[in-house]
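Remarks on the overall topology
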Amino acid sequence: MSYLLKTERLRKVYTAFDVATVALDGVDLNIKRGEFVAIMGQSGCGKSSLLNILGLLDLPTAGEMYFMGQAISKLSAAERNTLRKMHIGFVFQSFNLIDELTVYENIELPLIYRKVPIQERRKLVYDIMDEMDISHKRHYFPKQLSGGQQQRVAFSRAVVADPELILADEPTGNLDSAHGQDVMNLLSRLNEKGTTIVIVTHSPAYANYSRRVIHLFDGHIVTDALITI
Amino acid sequence: MLKNYIIIAWRNLYNQKVYSIINVLGLALGIACFTVLHTMIRYEMRYDLSFKNYEGIYRITSNVIKDRIGIKTPRSAYPLADKMRKSFPEDIAHLSRLFKLNLPFQNVWANGRNYHEKLVFYADSNFLEVFDMPLSAGSSKTALTKPNSAIVSSKIAKRYFQETSPIGQKLILRNEDTLTITGVFADTDNPSHLKFDILASFSSIYDLPIFARINKNWTSLPVWTYFLLKEGADIKNIEANLPKVVKTYYDSTFSAYYEMGIQPLKDIHLRSNLDYEVSENGDYRYVYIFWGLSLIVLVVAGINYMNLATARSSLRAKEIGVRKALGAARGELMKQFLCESMLLSLLAIFVALILLEWVLPSINNLFEYKVIEVYVMDFEILAAALCSGLAVGFLAGLYPAYYLSSMEATDIFKGNFVLSVHSKGFRKVLVVVQFVISFCLLATTFVCINQLQFLKHTKLGYDKDQVVIVPAPYAPLMRQYECFKADLLEYPDILGVTSMGELIGNNRDIFAFQVPSCKRSDSLEMQFHHAMMVRPDFEKTMGLKLLAGRFFNSDYPLTERSKNNCLTKNSSWADSTTTDDEFKAIIVNREMTKYLGYKTPQEAIGRPFLLIKSKLYSQMPHQERIIGVVEDFHFMPLYDQMKPFALVLSSGRGKNYTYYLAIRIKKGHTEAALDYVSQIWANYSEPKAFEYFFLSEKLNSQYIKEQRLSEITAYFSMIAILIACLGLWGLSSFVVARKRKEIGIRKALGASSLSIVFMLNKDFLILVLQSIFIGTAVSYFALNQWLGSFAYHVNLNWGLLLLSGIIVFDIALITVSIQTIRASQQNPVDVINQE
């Protein structure tokens, strides 16, 4: 199995008001295609910083990350942007749906940025809405939906373009346990189809859906263990 | 993608109705103002461009200047045309002269009725070959070829003959000349400095005495001479050879002071401001001012959009973060935000067109501006509104697009996104720019009004109030002037009666005199001076102040015999003297005595000052000497510095040319006195209807350009302030909304409503105060420059700048306080519980 993601001595330092805060400090990590990885740790341990770098939203202060074999420090912002839109899907804790767009339009957005032709776009959006059982809400705006429904829309948007990697930051954080389990089941099903999943979670129960759990503490990986079933 | 942009733009506009309305309204006002001003500018710039050959048409100008005294005029000598034709056979295709009798109007008898027409001109037969003015009836090739033929405007053709065909109809001018109508000018929307009601063939005046005087006279400059260049000819060739023409044909005494020039037709309306223009011209400086104003109002409107869009960027942060995470490149986001601003400007264009539809018909009345008939569906109006709207939408959208698209997704998701210091600073600068502009426009308006009032009310050196002017050129009654005057003076409330050749205050006449070459010498030299022909009692009627010597003697008392002759049309007076000063006396102003080198006015008394016009007016020898010196008075508009001036007593036939009767009436008795004058007028069986105007009103109307400028800046400064306040209102409401929690906590901790209002107002009002400070400096500099362009002007009044500042500050204070007072009244519990 080839590596999809690889980091070497990854370091991320934030500086505010002349005070430097080390978020990640020498993180070495390999993620292979098809893996289901959960990243755990306390608040402020660097989970989200790591996820932002893995999602090509941010650059490390030092060290290197390779995505699909390409060193990201050598890529321009536009090239990183292209890699992200073609290969990565995001699921956020607060859903981050665009309030001014309907369910259909929110899901369609990544396909528009990928310049998928309109006919194909419509088919893909309807397929995923059917799969997520939200077709009847397609003309609704996010504020007219329940939390669970919003998360399903956010999930649909993340997967509609069939990305190779899905990054989910606390995807169950704003959901009750039933809806939380639904989301984790969806992620598992996607993983079974071959999509690489990386989630950040506080919950050991949800971490158990993954095959590998990485614990972060003060910007270091303290444990990196495979879960055996 | 575009559909997605438009959808989200539309929903954003819809969801944020208040901000959208502020933006759309501000932009619409800006676009509407721009379009109105653009229409005015286009109209001004279109003058004379409708003639097919406008690029090849030129006019000959004349400068007769000696020692800074003289005349610059677009007119030239009558015989010059033939010599020009002979001198430049290879260059000039057609050359044609235009002439107008020096009368305020001509009496026209047509179809059994009497009319007064001001725009009566005479032109050479080939005039329409130079200017291809379309005719709706008659042939342009033959209309002016025969003597006593005339082309009339379609307006007067309708007025005189209604539905009957005007061709072949007769017009009687000044009860003397009969003209036959041979053509009718077609109605056009094309502006031109050539405006005619009647254009008669030049040959119609060949028999008039005036023609005998101009026909072979090289020193008189009565005609406007236009010529059309041959194709391929170079105007520089003609220009270079003009001095040779002057040298060849002009008398050496005259040519020493005479300079001939050429001006292109297309420059006449905006760049020619000479004495004796064909019609009142425009001014290119005002075109620049209109351009400046139109752009300024657009900038103020554009700033509103920039300010509100960047201030509200925090509300768009999540969307930007998500789009970036989903792969939106910065360029795509910029396109999206630009698309929003363009959509907004399209809406604003639509609203602006509705505003224009409503406003355009009244523009003419508002600014006394002849923008003729312009409609919203006019291509130019649509193009101006569309182009200005889209341009301002694009430019104003650039900064917010750049700024919003620069946000980093990671900052947004971490909640670290805050308005950057840079953007806040930039927004403050924009608010300051808006209010500096508003302040400057308001200050300009006040100073314009101040200057206009100064021009209208400044002491002119004579008393212009209570003087009624009766234009009476060629009125038979003027042949019995002395009797008529005596009858008028019998009425106790008529304090003085005189007559003059030009209207005092608007006199541009230049006379040639024989004057001692130096103050002690008796050898005479020719000098040109501004002068006016008047009849006795001029100084009494006008209230001039005597410094030395005496005024002209009054007319001789009427003898019984002449009184009996009063009511008969006896014209033998022309060569008789009616005062013993005739041919002997000249009165000059103090400036003239200084010019001639006399230390005191007294020194000038008795010195020779001979009028060189003897042959024209009488066979009597001229022996004029200075008999009196009057205090300087403004015989010309206040644009010009005081100049040496002479009052010439009309003598012999010269009395024929004092066209304006001036009657001073006692204050408070005007109406009754005018009734009396009208009765006396009727007693003399004068066929001309009794018409009059008040001198003060006529003189005030000279400053129409300044009046128009002050009105236009007044309207546009009000609009600019309104737009700026709309923006300030939007910005303050946004800040208040963001500070609701802070206000609640402060109130819970015991802050008074007043202190809350002060806290919220402070930041805005500091910006407005800074604007007033900067605006004061800018307007002080700019307005002093503008005032400096007048020979006589007010000193820049600090009180007016202070007043502008107080008004701008108060309007801003009210605008912001509407928001902040309401916010200060909120119950702190509501906010704290909500939080």
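Described below are features of the structure shown in this document. (Residues numbered from 1 in each chain as written. Chains lettered and ligands numbered in written order. Predicted model: local features only at pLDDT ≥ 70, side-chain atom pairs only at ≥ 80, totals over all residues. Heavy atoms only, no water.)

The helix and strand tally for chain A stands at seven helices and 10 strands. Since a compact globule built from 229 residues should have a radius of gyration of about 17 Å, the 17 Å found for chain A is in line with a globular shape. Each principal axis of the C-alpha distribution contributes one length, and for chain A these read about 45 × 45 × 40 Å. Long-range contacts, defined as pairs at least 24 residues apart, comprise 67% of the intrachain contacts of chain A with a sequence gap of at least 6. Accessible surface for chain A amounts to roughly 10200 Å². Of this, 51% is attributable to carbon and sulfur atoms. Seen as two clouds, the 25 positive and the 26 negative side-chain charges of chain A have centres 4 Å apart. (Helix = DSSP H or I, 4+ residues; strand = E, 2+ residues; numbered from the N terminus. Rg over C-alpha atoms; globule rule 2.2 N^0.38 Å. Contact = heavy atoms within 4.5 Å. Areas by Shrake-Rupley, 256 points an atom, 1.4 Å probe, with all protein chains shown as cover. Lys, Arg positive; Asp, Glu negative; His and termini not counted. Charge placed at Lys NZ, Arg CZ, Asp CG, Glu CD.)

Turning to the nonpolar core, a few remarks are in order. Residues L171(B), I198(B), M500(B), M542(B) and L647(B) are the most contacted members of the largest nonpolar core, which totals 170 residues. With 16 residues, helix α15 (residues 421-457) of chain B is the single largest residue contributor to this core. Not counting chain neighbours up to four residues away, the residues in contact with I198(B) comprise V108(B), E117(B), L119(B), V120(B), F121(B), A150(B), I151(B), V152(B), I156(B), Y160(B), L171(B) and L179(B). In terms of nonpolar packing, the next biggest core, distinct from the first, is built from 37 residues, V103(A), V159(A), L187(A) and I197(A) among them. (Core = buried A, V, L, I, M, F, W, Y, C linked by side-chain atoms within 4.5 Å. Buried < 20%, exposed > 50% of the residue type's maximum accessible area, 1.4 Å probe, protein only.)

Moving on to the packing of helix α3 (residues 80-87) of chain B against helix α7 (residues 235-249) of chain B. A pair of packed helices can be characterised by two numbers: the angle between their axes and the separation between those axes. Residues and elements named next belong to chain B. For the pair α3 and α7, the least separation of the axes is 11 Å and the interaxial angle reads 125°. By the angle between their directions, the pair α3 and α7 is classed as oblique. The interaxial crossing formed by α3 with α7 has right-handed handedness. Judged by residue contacts, L80, K83, M84 and S87 of α3 engage I238, L242, V245 and Y249 from α7. When grouped by side-chain class, the residues that make up the contact of α3 with α7 number six nonpolar, one polar and one charged. (Axes fitted to C-alpha atoms, helices over the stretch in contact; angles between N-to-C directions. Parallel < 35°, antiparallel > 145°, perpendicular 65-115°, else oblique. Left-handed = near helix turned anticlockwise from the far one by under 90°. Nonpolar A, V, L, I, M, F, W, Y, C, P; charged D, E, K, R; others polar.)

Attention now moves to the side chain of S341(B). You can see S341(B) is positioned in helix α12 (residues 330-367). With residues up to four places along the chain from it excluded, the contact list for S341(B) reads Y305(B), G393(B) and G397(B).

What follows is about the packing of aromatic side chains. Residue and element names in this part refer to chain B. If you walk through the whole model with that rule in mind, you get 41 aromatic pairs over all chains. Taking 5.9 Å as the distance between ring centres and 90° as the angle between the ring planes, the aromatic pair formed by Y692 and F694 counts as edge-to-face. Residue classification places F694 among the partly exposed residues on the basis of a relative accessible area of 23%. Counting every residue linked through ring pairs, the aromatic cluster contains F51, F121, F127, F131, F185, F196, W224 and Y226. In this structure, K17 packs its charged tip against the face of Y14, placed 4.4 Å from the ring centre. (Phe/Tyr/Trp six-rings, centres within 6.5 Å; stacked < 30°, edge-to-face > 60°. Lys NZ or Arg CZ within 6 Å of the ring centre and 35° of its normal.)

Residue and element names in this part refer to chain A. Spatial ordering of the open sheet is given by β6-β7-β8-β3-β9-β10, a layout of six strands whose pairing is mixed. Among the strands making up the open sheet, the edge pair consists of β6 (88-91) and β10 (220-226). Taking the axes of each pair of neighbouring strands and ignoring which way they run, one obtains an average angle of 15° across the sheet. With respect to the sheet, helix α1 (residues 47-54) is in contact with β3 (36-40), β6, β7 (165-169), β8 (196-200) and β9 (212-217), its orientation differing from that of β7 by roughly 155°. In the packing of helix α5 (residues 147-159) onto the sheet, contacts are made with β6 and β7, and the angle to β6 comes to roughly 170°. (Pairing = 2+ DSSP bridges.)

Below, the discussion takes up helix α1 (residues 2-15) of chain B. An ideal rise of 1.5 Å per residue puts 20 Å on 14 residues; α1(B) measures up with 20 Å between its terminal C-alpha atoms. Taken together, the buried positions of α1(B) are occupied by N4(B), Y5(B), I7(B), I8(B), A9(B), R11(B), N12(B) and L13(B). (Expected span 1.5 Å × (residues − 1).)

Each side of the interface is counted separately: chain A has 24 residues, and chain B has 22 residues. At the boundary of chain A with chain B, total buried surface from both sides reaches about 2200 Å², with 58% on carbon and sulfur atoms. For the chain A face of the interface with chain B, the top three residues by lost area are L57(A), E100(A) and Y113(A), together amounting to 29%. Inspection of the region where chain A meets chain B yields three salt bridges. Across the pair K115(A) and E332(B) runs a salt bridge whose closest N-O atoms are separated by 3.6 Å. Our enumeration of links across chain A and chain B arrives at eight residue pairs in polar contact (both at pLDDT 80 or more). At the level of secondary structure, the elements contributing two or more residues to the side of chain A that touches chain B comprise α2 (77-87) and α3 (103-113) of chain A. (Buried area = accessible area lost by both parts, 1.4 Å probe. Salt bridge = Lys/Arg side-chain N within 4 Å of Asp/Glu carboxyl O. Polar contact = N/O pair within 3.5 Å; in protein donor to acceptor, adjacent residues only side chain to side chain.)

All names here are of chain B. Along strand β18 (residues 524-534), nine of the 11 residues are buried, which leaves the element largely enclosed by surrounding structure. Examined bridge by bridge, strand β17 (residues 510-516) and β18 share seven bridges and lie antiparallel to one another. Note that in β18 the partner of Q514 across the bridge is M526. Here β18 pairs with strand β23 (residues 645-649) via five bridges, running parallel. Within β23, the position partnered with M532 by the bridge is L647.

Moving on, we come to the sheet that holds strand β1 (residues 3-16) of chain A. Backbone hydrogen bonds hold the strands of a sheet together, and the pairing may be parallel or antiparallel. All names here are of chain A. Pairing is antiparallel in the open sheet, where four strands are placed in the order β2-β1-β4-β5. A single partner strand is all that each edge strand has here, and the edge strands are β2 (19-32) and β5 (70-71). As defined by bridge partners, β1 adjoins β2 across 11 bridges and the pair is classed as antiparallel. Across the sheet, T15 pairs through a bridge with A20, a residue of β2. The sheet strands contacting α1 are β1, β2 and β4 (62-67), and the helix crosses β2 at an angle near 55°.

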